[in-house]
Amino acid sequence: MSENCIFCGIVAGTIPSTQVASDDRAIAFMDINPATRGHLLVIPRTHSTDLREASSEDLTAATLLAQSLVGRVIERLDADGANLLSCIGADAWQSVFHTHLHVIPRYKDDPLQLPWHPTPGDLDEINATAATLT
């Protein structure tokens, strides 16, 4: 537990949340600043800053819980799809520094737009970057 972490407070029960699912390693609750109807957050119970620090067991538990919730929001909320998003670092829009996954239901006419717009990249640069990563 991290003393100043809002998500650790949710895990401890000292900060209220609207939980929808949980297991011994992860919990899921409604986002209080939803991007769309049904926006959920899935977090490991154990504190880690982001998925780079999370244990494989915690990350697996959170991912499996998120997977079940994707199916649930599509089936029960009549969503047309879903985004599964993890932000790592302030420059990547992370605002709470406890590992978490966003499950964002998507609806055909919802107004949500992510700021990234895919455009073709330079193939030589892509191949050079791949070589650096392998």
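The rules we used
- Along each chain, numbering runs from 1 in the same order as the chain's sequence is written.
- For a predicted model such as this one, the threshold for reporting local features is a pLDDT of at least 70, and the threshold for listing and counting side-chain atom pairs is 80 or more; totals across whole chains, interfaces and linings nevertheless cover every residue.
- Side-chain numbers here rest on the full set of heavy atoms in the structure, without hydrogens or water.
- In this text, helices come from DSSP runs of H or I with a minimum length of four residues, and strands from runs of E with a minimum of two, each type numbered from the N-terminal end.
- Categorising residues by exposure relies on relative accessible area from a 1.4 Å probe, with only protein chains included: less than 20% of the type maximum marks a residue as buried, more than 50% marks it as exposed, and the intermediate range marks it as partly exposed.
- We call two residues in contact when some of their heavy atoms are within 4.5 Å.
- Salt bridge, as used here, is a side-chain nitrogen of Lys or Arg placed within 4 Å of a carboxyl oxygen of Asp or Glu.
- When DSSP finds two or more bridges between a pair of strands, those strands are recorded as paired.
- For helices, the fitted line uses only the C-alpha atoms of the stretch in contact; every axis is such a line through C-alpha atoms, and the angle between N-to-C directions lies from 0 to 180 degrees.
- Note on aromatic contacts: the rings of Phe and Tyr and the six-membered ring of Trp form a pair at centre separations within 6.5 Å, being stacked when their planes are under 30 degrees apart, edge-to-face when over 60 apart, and tilted otherwise.

1. Some details on the overall build of the chain
Line of reasoning, step 1. A count of helical and extended segments in the chain gives 3 helices and 5 strands.
Line of reasoning, step 2. Each principal axis of the C-alpha distribution contributes one length, and for the chain these read about 50 × 35 × 25 Å.
Line of reasoning, step 3. Counting all 134 residues of the chain, 34% fall into the buried class.
Line of reasoning, step 4. The long-range fraction of contacts in the chain, counting pairs at least 24 apart against all pairs at least 6 apart in sequence, stands at 55%.

2. Re the pattern of salt bridges
Line of reasoning, step 1. Counted under the stated rule, the structure contains 3 salt bridges.
Line of reasoning, step 2. Asp58 is paired through a salt bridge with Arg25; the nearest N and O atoms lie 2.8 Å apart. Of this pair, Asp58 sits in helix 2 (residues 56-76) while Arg25 sits in the loop between strand 1 (19-22) and strand 2 (26-30), placing them 33 residues apart in sequence.
Line of reasoning, step 3. For Asp58, a relative accessible area of 5% puts it in the buried group.
Line of reasoning, step 4. Assessed through its relative accessible area of 32%, Arg25 is described here as partly exposed.
Line of reasoning, step 5. Measuring nitrogen to oxygen at the nearest pair gives 2.7 Å for the salt bridge that ties Asp50 to Arg52.

3. Some words on the sheet that holds strand 4 (residues 81-85)
Two pairing modes exist for strands in a sheet, parallel and antiparallel, and in both the strands are linked by backbone hydrogen bonds.
Line of reasoning, step 1. Spatially, the 5 strands line up as an open sheet ordered 1-2-3-5-4, and their pairing is antiparallel. Of all the strands in the sheet, the pair left with one neighbour each is strand 1 and strand 4. Going across the sheet, the axis of each strand differs from the next one's by a mean of 20 degrees, ignoring polarity.
Line of reasoning, step 2. When strand 4 meets strand 5 (residues 101-106), the two strands line up antiparallel, connected through 5 bridges.

4. Side note on the packing of aromatic side chains
Line of reasoning, step 1. All chains considered together, the criterion is met by 1 aromatic pair.
Line of reasoning, step 2. Ring plane angle 75 degrees and centroid distance 5.5 Å describe the contact between Phe7 and Phe29, whose orientation is recorded as edge-to-face. Highlighted residues: Phe7 in helix 1 (residues 6-12) and Phe29 in strand 2, separated in sequence by 22 residues. For the pair Phe7 and Phe29, a shared accessibility class is recorded, and that class is buried.

5. Some words on the pairing of strand 3 (residues 40-44)
Line of reasoning, step 1. Counting buried positions along strand 3 gives 5 out of 5 residues, so the element sits mostly inside the fold.
Line of reasoning, step 2. When strand 2 meets strand 3, the two strands line up antiparallel, connected through 5 bridges. By the bridge assignment for strand 3, Ala28 is matched with Val42.
Line of reasoning, step 3. Both strand 3 and strand 5 contribute to a ladder of 3 bridges, which runs antiparallel. Within strand 5, the position partnered with Val42 by the bridge is Leu101.

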